[in-house]
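Structural features, examined
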Protein chains: 2
Amino acid sequence: MGTTQLESVPEPKYWHLKTVLSEALDSEFAVGEILPNERELAARFGVARATLRQALEQLELEGRLQRRRGVGTTVAPPRMGVDVGTGGQVWPGTADDGWQPVDCDLAQPPAAVAEALETGRDEPVHVVRRSRVTHGQTVAAELLYVPQSSVPELSAIDAPSGAARARAVLRELQRRELESQDRSVELGSARADDAKELDRLPGAPVLVVTTRFVAEGRTAALSVATYRADTCRLTFGATGDVEIHHGPERQAS
Amino acid sequence: MGTTQLESVPEPKYWHLKTVLSEALDSEFAVGEILPNERELAARFGVARATLRQALEQLELEGRLQRRRGVGTTVAPPRMGVDVGTGGQVWPGTADDGWQPVDCDLAQPPAAVAEALETGRDEPVHVVRRSRVTHGQTVAAELLYVPQSSVPELSAIDAPSGAARARAVLRELQRRELESQDRSVELGSARADDAKELDRLPGAPVLVVTTRFVAEGRTAALSVATYRADTCRLTFGATGDVEIHHGPERQAS
DNA sequence: TAGTGGTCTAGACCACGTT
DNA sequence: ACGTGGTCTAGACCACTAT
């Protein structure tokens, strides 16, 4: 037969689109460049806008694109390597690692956190909020849960709340001896408050890094940090400059 | 005024839906239970099917649901903790960690990999494929790139390819002294082949763990492992049984 | 063959940032 | 005010799994 094998394996349109766009990004666009808008791209490829969006969503998930409402779709720079677990075993706030205390108050933690901290169900704990800024961008938001028993000498008079109190809690925590820590990473979606801090929409994909700090045989603190999954590559160990990435990258003029 | 504050902050429908469903999952459904189908759920909530699907997608991303074409939507068990980086610094294949060699052949690596390996552009390297099985489920697929210079004594006669050769490459690799290794984690989407191995659709969200093995000052091997993001929580360090999770969970009868 | 989730369409309106 | 991406609808058909 003279027929070429058309769609004998019906690859989804959005998948094929994604491939085509991905190659175009490598060869025809520079980092920071603005793509044509969705309606035009859809028309150009002869698909419905929803289908085009499905392809764009995937590319954004992979960190190739950045979309902003009211602005447009731009070509994203390669993901930045963000070091997690500097030097292995240190209390939070010890190193100058880009974490900035935001505020702190006393609140009842979620049930799952209370369980990990081995505190009573209704016992309030210190909740320290911090945000991490790298290369001028907020890449992570953290909630650090510290049981009152972990910082017994904290004076309530110092500051009732706010960044000053956050620093005080961290300072008291660092006076204890850190036995060990363990960490886990999983995929999540940004809660409304985290999303705002990270300059993303609610539900945006994030990498949730949970760290448990152990001192004197007990969980002395629990950190839940949410990193922007689109722009961050979490690195562990010495050098964080390994670049495993797609093709050529140029800079927008 | 007698008006209640209706939608003064117009929260998206799918977002609200997600919240409602999430609570229902906690209180009214058991792990493994099958939800009503999408058309019925959409009708029940009075939304279009696409909107309902947007909520389900998010819940699946968070590991709360599992959807299978032709079958239905089921309540997912809590994510399993998968240890990454057992004992810190060991060659792949040393520990009994659930990794199984699949096959191996000589191929030209992607440009980015060749760069990290510091091999010549067109120089073929050993590509070992392995898959990791935990609790009876394939949770990860790996491509391990090993330059020929890292396993100089590998005899070509042993086996031309296949699992036997994969084991041979690993064995030779383990004879060298491992200096250090560094690792990074980022979000990706499954390529077609990985997706098949992981029993997911192409484009499914995965956690990509890249490990660089250093021996004699050079990158002796590079591992790119893709983990199912929906079912896995990657753990680092001693105990991997910290459970930071949502509400109550029951078991399906 | 029946029922499920996956893909796709062609519209509409809304929220947001810029001008 | 305008243009962007974000949300939503009401359909249609397809691919897969189980019976």
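Residues numbered from 1 in each chain as written. Chains lettered and ligands numbered in written order. Predicted model: local features only at pLDDT ≥ 70, side-chain atom pairs only at ≥ 80, totals over all residues. Heavy atoms only, no water.

Quick look at the protein's contact with DNA strand D now. The environment of DNA strand D is made up of 27 residues, and the closest members are N37(A), R49(A), R53(A), K13(B) and T51(B). In DNA strand D, atoms within 4 Å of the protein come from the sugar-phosphate backbone in 66% of cases. Within the side chain of R53(A), a nitrogen or oxygen atom sits 2.8 Å from a phosphate oxygen of DNA strand D. Between a phosphate oxygen of DNA strand D and a side-chain N or O atom of Y14(B), the distance comes to 2.9 Å. For the surface near DNA strand D, the secondary-structure elements that each account for two or more residues are α2 (38-45), α3 (49-61), β1 (65-68) and β2 (72-75) of chain A together with α1 (13-28) and α3 (49-61) of chain B. In terms of residue count, the dominant contributor to the surface near DNA strand D is α3(B) (four residues). Within the surface near DNA strand D, the residues separate by chemical class into nine nonpolar, seven polar and 11 charged. (Near = heavy atom within 4 Å. Polar contact = N/O pair within 3.5 Å; in protein donor to acceptor, adjacent residues only side chain to side chain. Helix = DSSP H or I, 4+ residues; strand = E, 2+ residues; numbered from the N terminus. Nonpolar A, V, L, I, M, F, W, Y, C, P; charged D, E, K, R; others polar.)

Our focus in this paragraph is the nonpolar core. The nonpolar side chains of soluble globular proteins are, as a tendency, buried together. Counting residues in hydrophobic clusters, the biggest one holds 34 residues, and the most contacted among them are V185(A), Y227(A), L234(A), V185(B), Y227(B) and L234(B). When near neighbours in sequence (up to four residues on either side) are disregarded, L234(B) contacts R183(A), S184(A), V185(A), V82(B), V84(B), V185(B), L207(B), V209(B) and Y227(B). (Core = buried A, V, L, I, M, F, W, Y, C linked by side-chain atoms within 4.5 Å. Buried < 20%, exposed > 50% of the residue type's maximum accessible area, 1.4 Å probe, protein only. Contact = heavy atoms within 4.5 Å.)

The figure often quoted for interface size is the accessible area lost as the parts come together. Residues and elements named next belong to chain A. According to the domain assignment, chain A consists of domain 1 (13-75) and domain 2 (80-235). Summarising the inter-unit geometry, the C-alpha centres of domain 1 and domain 2 are found 35 Å apart. Counting from both sides, the interface comprises six residues of domain 1 and, opposite them, five residues of domain 2. Note on domain 1 versus domain 2: buried area summed over both sides is about 420 Å², and carbon and sulfur give 43% of it. A per-residue breakdown of the area domain 1 buries against domain 2 is headed by E60, L61 and Q66, which together make up 63% of the total. A salt bridge links E60 to R200, with the shortest nitrogen-to-oxygen separation between them at 3.4 Å. Counting across the interface, domain 1 meets domain 2 through two residue pairs in polar contact (both at pLDDT 80 or more). Contributing elements (two or more residues each) for the side of domain 1 that touches domain 2: α3 and β1. Of the residues contributing to the side of domain 1 that touches domain 2, the split by class is one nonpolar, two polar and three charged. (Domains from an automatic or database assignment. Buried area = accessible area lost by both parts, 1.4 Å probe. Salt bridge = Lys/Arg side-chain N within 4 Å of Asp/Glu carboxyl O.)

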